[in-house]
Amino acid sequence: MQLWYAYAKTIGEKEAWRIAKDWGIDLVVVNPSFVVGPLLAAEPTSTLLLILAIVKGVRGEYPNTTVGFVHIDDVVAAHILAMEESTASGRLICSSSVDHWSQIIEMLRAKYPSYPYETKCSKQEGDNNPHSMDTTKIVELGFLGFKTVPEMFDDCIKSFQEKGWL
């Protein structure tokens with residue numbers, strides 16, 4: 001599996017840490033997982049396009065991966081906290097629940113049964129192992145809690161509906 005986006009983000013962060021060290025900059029990085037929620041721009045991001053394609057059943061299959069999900073509002077709140085809290089340092093993981101795409105589709109199908117959804121799981125091996133994301137650092141800074149997976153996907157689906165994409 002070629003995860004070019006993740007690779008580019010990793011390389012970009014490594015370079016940011018190098019520059020921060022060279023220039024004596026106190027860098028704090030918020031690392032969100034898979035960001036879900038309402039559309040903030042006129043066009044959906046690649047993340048939201050994936051969700052839209054899965055809901056519409058136009059991909060032919062859904063990813064065989066277990067992913068951490070986070071609401072866009074939580075990502076914004078985490079960035080504000082990282083900027084305002086003087087004790088913030090290092091990498092701050094920003095993620096709510098970790099679920100396999102099959103669980104997400106099952107949840108959405110129960111709430112929004114009129115959509116065709118993907119029914120076939122990809123045979124391509126992904127990171128489909130159960131895992132967790134350690135959000136201890138951001139919680140200890142005072143982060144009040146993450147929105148749930150149903151909340152973030154409800155906001156996403158409602159946004160798609162309002163835009164006329166569903």
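Under an unreviewed UniProt entry, the name given to the protein is NAD-dependent epimerase/dehydratase domain-containing protein, and the organism recorded is Acer negundo.

Along the chain, Leu 108 falls in helix α4 (residues 101-111). Residue Leu 108 is classed as buried on the basis of its relative accessible area of 2%. The sequence separation of Leu 108 and Asp 154 amounts to 46 residues, and the corresponding C-alpha distance is 8.4 Å. Ignoring anything within four residues of it in the chain, the contact list for Leu 108 reads Val 55, Pro 113, Tyr 117, Phe 153 and Ile 157.

Next up on the list: a nonpolar patch on the surface. A cluster of nonpolar side chains, namely Trp 4, Tyr 7 and Ile 11, defines an oily patch on the protein surface of about 370 Å² accessible area. Positionally, Ile 11 belongs in helix α1 (residues 4-23). With a relative accessible area of 40%, Ile 11 lands in the partly exposed category.

According to UniProt, the feature "domain: NAD-dependent epimerase/dehydratase" (unreviewed entry) maps to residues 5-86 in the numbering used here. The straight-line gap between the two end C-alpha atoms of residues 5-86 is 30 Å; of that span, 52% is helix and 17% is strand.

What counts and what doesn't
Residues numbered from 1 in each chain as written. Predicted model: local features only at pLDDT ≥ 70, side-chain atom pairs only at ≥ 80, totals over all residues. Heavy atoms only, no water. Helix = DSSP H or I, 4+ residues; strand = E, 2+ residues; numbered from the N terminus. Buried < 20%, exposed > 50% of the residue type's maximum accessible area, 1.4 Å probe, protein only. Contact = heavy atoms within 4.5 Å. Patch = residues over 30% accessible without salt bridge, like charges linked within 9 Å, V, L, I, M, F, W, Y side chains within 5 Å. Areas by Shrake-Rupley, 256 points an atom, 1.4 Å probe, with all protein chains shown as cover. Salt bridge = Lys/Arg side-chain N within 4 Å of Asp/Glu carboxyl O. UniProt positions renumbered as here; feature names shortened; annotations may be inferred.

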